[in-house]
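# Summary of the model geometry
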There are 2 protein chains.
Amino acid sequence: MTAFSTSEATTNKTMPPSDSKHRVTQFMQQLQDEICQDLQRLDGIATFTEDSWERPEGGGGRSRVMREGAVFEQGGVNFSEVWGDHLPPSILTQRPEAAGHRFYATGTSMVLHPRNPYVPTVHLNYRYFEAGPVWWFGGGADLTPYYPFAEDAAHFHKTFKQACDAHNSEYYPTFKRWCDEYFYLKHRQETRGVGGLFFDYQDGQGQLYKGPDANGPAAVYSAALSNIEPRSWEDLFGFIKNCGRAFLPAYVPIVARRQGIDYGDRERNFQLYRRGRYVEFNLVYDRGTIFGLQTNGRTESILMSLPPLVRWEYGYQPEPNTPEAQLYEIFLKPQDWAEWTGAA
Amino acid sequence: MTAFSTSEATTNKTMPPSDSKHRVTQFMQQLQDEICQDLQRLDGIATFTEDSWERPEGGGGRSRVMREGAVFEQGGVNFSEVWGDHLPPSILTQRPEAAGHRFYATGTSMVLHPRNPYVPTVHLNYRYFEAGPVWWFGGGADLTPYYPFAEDAAHFHKTFKQACDAHNSEYYPTFKRWCDEYFYLKHRQETRGVGGLFFDYQDGQGQLYKGPDANGPAAVYSAALSNIEPRSWEDLFGFIKNCGRAFLPAYVPIVARRQGIDYGDRERNFQLYRRGRYVEFNLVYDRGTIFGLQTNGRTESILMSLPPLVRWEYGYQPEPNTPEAQLYEIFLKPQDWAEWTGAA
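No experiment lies behind these values; they were computed from the predicted model shown.

A few words now on the relation of the copies chain A and chain B. Note on the copies: chain A fits chain B at an RMSD of 0.0 Å, the axial shift is 0.0 Å, and the rotation between them is 180 degrees. In symmetry terms, the pair is related by a two-fold rotation axis. For chain A, the minimum C-alpha distance to the rotation axis belongs to Val310(A) and amounts to 2.6 Å.

Shown next as C-alpha cells:
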C-alpha cells in the first residue's frame, strides 16, 4: 500500500489518465460527426464535403463544408489534432509551465451562416491542450442574430445553463460573462451577438491565467473559479462533453422556428452588413484564428468561419424605432438571457 | 558669428523648420483635395460626401466617400491630424526616442474599389510624425489588379520610379522591395497585388528601425539607405510631395484604358472573391489599421478601406491556364515591373 500526502493525492486526482489524448480526440471527432449528421438532416438539401489534411509539422484534421443549402448558405465544421515541439508565444506567455515541452492540441470548431436573416449565425469550439506538466480545456458557443428574438436568446442560454449547472452552479454565470467580454468588438463598442459560453485554461488545479493582461477577462474569470478547485480531469472532460452535446438542442429549435419567415432586400442587406462584424471580430480579435495562423495552420480551414458574402458600408446607422435599431440597443449589449421570462 | 561643429550642423540640417507641422498638414489636405477633384471628374456620376470629425484626445480629420459611381463602386479619401500625450506602444518600440514626448501625426490615405474587374484597386497613404526629438515620413502607393495587365503594372511602377529617381536613385529599388514585403499575406503566400512603393521611418538622420523584428523589412530597408544620410527635412518633404503628386498620372491612365472592357458574372465573382484578400490584409497585417484602432481612431474612417461587397469561398483554386491562374502565377509574386518592355 502506498501512502499519499494530501497534496500528492490532489495532484494525482487532477492528472489526466494515460489515454487522455485518445479519449478527447475520439470525443471531438464524434461531436463533429453528430453535428454534421443533424445539420444535414435539418438543411434537407446540401451535404457536407470533407477534406482530410495533414500538417507537415505534425497532426492533421478533417474539414467539412456545406454550401448553398436550403437553410445554410455556408457551414463549416472542423476537427483537428496538432502536435509539435513548442506552443506559439501567444499561448506560452499565458502558460509559462509549458515552455520547453512538446504540445498536443485537439478540437472541434464550427460556424454556420444561415441564408434567412431571421436565423442567427452560430459558433461552437471545444479544445484540449497538453504540454509537459500542464493541460487544459477551453471552448464555448455563441449566437449572433441579425433580426433577433428574445425568446431565441433565452432558449440558447437556458440550454447551456442547464448543461453547466449539472456540473457546478458557478460555471454558467462565470462563463456567460467571460463570453460577453471575449466576443466584444472594442472598436465598435458592441458585443458580437447575444453571447453564450466562453472559457479557457480549465485545468482543475486552480492555475490562473498568467498572461500580460492582468485585468482582462481571462485573469478575472479564471480567478473567479479558484474557490471550487481542485476538479478532476474526469469532471472537466464530462463537462466538456455535456456542453458539446448541448449545442444541437440549443440551436436546432431556433432554426425550426425562424426558417420560414419571409424576408426581402432590406433584411438581406442588413444581414450582409452585419456579417462584416463577424469578419472584423475573427480577423482582429479571435484567439483561435491567431493561434491557427501562428502555428502554420491550414488557412482554408481557419478562415472557413468567414461568411460567403459580406457587405461594408461607411457610416451606417440604423433608423430609430426599427428592428435594426433594436438589435443594437438591446441585443448587442450583455443581458441576463437565462433570466428572461417572456415579459416585454 | 556662431561656430558649429560638423555634427551640430548635421543635426541642424536635419531638424524640421519651425512651421513643419503646418506645411505638411497643408500639403496633406491639398493632396486630398486634388485627388478627390480628379476622381470625381473621372467617375462622371458620383461625388464625394465629406464628414468632418474631431478626436476627443486631440485632432480630427475629414473623411470623404464616393459610392455607387460609374467607375468606383466605393472610394474613400481621408485626411487626419492627431496629437496626444504619447504614441501607442506599437510605434514606441520602433522609435524609443519618442517615449515620454507628446506626438503629432498627420496624413492622407485612400483606397478605391472600382466596379469593373478589369480596373485595379489602388491604395495610397502618406504620413508624417513628430514626437520630441524625432520626426519621420512614411507612405507609399500600391496597385491590386483582379484581371491584370503587365502594361498597367509597368506604367504604375515607372511613374513612381520617375518620382523617386528625381530625388535619389536608391529610393525606387529600396521602396519597391519594401512594398513587396510589406503587402505580403503570409498565410496565403501571396503579395496583395503588383506592389508599388512603401517606406517608413524616413528621417534623414539614418535612424534605423529599432523594433523587435531585427530581420524584418523595416530593419533591412532602413539600413539600406543609411549610406545616403544625412538628408534634410526639406529634401524628404519634397520627395513626399512628388510621390503624392505622382498618384494621379500613375493610376488615371489605367482606369481610362480598362474601364470600358465588358465583363460578366465570372469576372465579377472572382473580383468579389479576391477582395477578401484585401480585407484579410487590412485587418490582420496593416500597420495603419492597427495604429488607428490603438489610438482610439475613428473606426468608420479607418475601415473605409474595406470593400463594399466581398465573397469568401472555401478551397477556391483557379483553373489552370485561365486569366485567374495567371494572376496567381505572375502578378501575385514580386516582379521587376519597372523593367518591363512589352515583350511577352
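Back to the write-up after that little detour.
Now for the packing of aromatic side chains. Tallied over the entire structure, the rule returns 66 aromatic pairs over all chains. Relative to Phe237(A), the ring of Phe27(A) lies with its centre 6.0 Å away and its plane at 85 degrees, an arrangement referred to as edge-to-face. Pair noted here: Phe27(A) is in helix α2 (residues 20-43) and Phe237(A) is in helix α7 (residues 233-258), with a separation of 210 residues, a long-range link. This pair shows no difference in class: Phe27(A) is buried, exactly as Phe237(A) is. Relative to Phe149(B), the ring of Tyr118(B) has its centre 6.4 Å away and its plane inclined at 45 degrees; by these criteria the two rings are tilted. In this pair, Tyr118(B) sits in the loop between β4 (103-114) and β5 (121-131) while Phe149(B) sits in the loop between β6 (134-144) and α4 (150-165), placing the two residues 31 residues apart along the sequence. Grouped by ring-pair contacts, the aromatic residues Tyr126(A), Tyr171(A), Phe175(A), Trp178(A), Tyr182(A), Phe183(A), Phe198(A), Phe199(A), Tyr221(A), Phe239(A), Phe281(A) and Tyr285(A) constitute a single cluster. The lysine or arginine in question, Arg95(A), covers the ring of Trp136(A), its NZ or CZ lying 5.4 Å from the ring centre.

Let's shift gears to the side chain of Arg64(B). Residue and element names in this part refer to chain B. By secondary structure assignment, the location of Arg-64 is in strand β2 (residues 59-67). Residue class for Arg-64 comes out buried when judged on its relative accessible area of 10%. Within the local environment of Arg-64, its side chain forms a polar contact with the side chain of Glu-50, the two groups lying 2.7 Å apart. If we ignore the near neighbours within four places in the chain, the residues touching Arg-64 are Gln-32, Asp-33, Cys-36, Phe-48, Thr-49, Glu-50, Gly-75, Gly-76, Val-77, Asn-78 and Met-304.

Cut-offs and rules
Residues numbered from 1 in each chain as written. Chains lettered and ligands numbered in written order. Predicted model: local features only at pLDDT ≥ 70, side-chain atom pairs only at ≥ 80, totals over all residues. Heavy atoms only, no water. Least-squares fit on C-alpha atoms with pLDDT ≥ 70 in both. Phe/Tyr/Trp six-rings, centres within 6.5 Å; stacked < 30°, edge-to-face > 60°. Helix = DSSP H or I, 4+ residues; strand = E, 2+ residues; numbered from the N terminus. Buried < 20%, exposed > 50% of the residue type's maximum accessible area, 1.4 Å probe, protein only. Lys NZ or Arg CZ within 6 Å of the ring centre and 35° of its normal. Polar contact = N/O pair within 3.5 Å; in protein donor to acceptor, adjacent residues only side chain to side chain. Contact = heavy atoms within 4.5 Å.

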